[in-house]
Amino acid sequence: MRLVVDLNRCQGYAQCAFLAPEAFTMHGDEALMYDPQPDDAQRGNVLRAAQACPVKAITVEGMNGAPAAEKAGASHVG
Ligand code: SF4
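Here goes a summary of the coordinates provided. All chains use their own residue numbering, which begins from 1 and follows the written sequence. In view of the model being predicted, local features appear only for residues whose pLDDT reaches at least 70, and side-chain atom pairs are presented and counted only at 80 or more, with totals across whole chains, interfaces and linings using the full set of residues. Heavy atoms from the whole structure form the basis of all side-chain values; hydrogens and water molecules are not counted.

Looking at helix H2 (residues 43-52)
1) Next: Within H2 the residues assigned to the buried category are Val46, Ala49 and Ala50. Buried residues of H2 fall within an arc of 100 degrees about the axis and therefore sit on the same side. Burial classes: relative accessible area under 20% of the type maximum marks a residue as buried, over 50% as exposed, and values in between as partly exposed (1.4 Å probe, protein chains only). A run of H or I in DSSP becomes a helix once it reaches four residues, and a run of E becomes a strand once it reaches two; helices and strands are each numbered from the N terminus. In this context, the arc is that of the directions from the helix axis out to the C-beta atoms.

What follows is the structure, given as structure tokens:
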């Protein structure tokens, strides 16, 4: 599982650090540190954190065994 946080979007609300402290840690008031490859055991917490982020700054990639829902937006031309 891979994890990307858009730090330009992140406003330091710390929702993620609250829900998945193994993967996200706040340093100071707004600096977010995160583990880009959290253990699969953290998947539930990480997904919850991604959904809870008020600015949707968290992207979770590489969900083994699940079809990539993000690809649903692809369009065919011609
Ligand atoms: S919940 Fe979102 S905005 Fe808040 S610290 Fe985490 S990534 Fe940043």
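Concerning the site of the ligand
1) Next: Cys10, Tyr13, Ala14, Cys16 and Cys53 are the nearest of the 13 residues found near the ligand.
2) Next: According to the grid-proximity analysis, the pocket containing the ligand is the largest cavity. Residues are labelled near a given molecule or strand when at least one of their non-hydrogen atoms is within 4 Å of it. A cavity here means a set of 1 Å grid points, computed over protein atoms only, where a 1.4 Å probe fits but cannot escape. A pocket is an open set with protein on both sides within 12 Å along at least 5 of 7 lines, and lining residues have an atom within 4 Å of a point. Grid points define the cavity or pocket, and a molecule sits in it when more than half of its atoms lie within 2 Å of them.

Digging into the pairing of strand E4 (residues 58-61)
1) Next: The alternating pattern of E4 places Ile58 and Val60 on a buried face and Thr59 and Glu61 on a face that is not buried.
2) Next: Strand pairing follows a simple DSSP-based rule, namely that at least 2 bridges must link the two strands. Judged from the four bridges that link them, strand E1 (residues 2-5) and E4 form a sheet pairing that is antiparallel. When the sheet's bridge partners are listed, Val4 is paired in E4 with Thr59.

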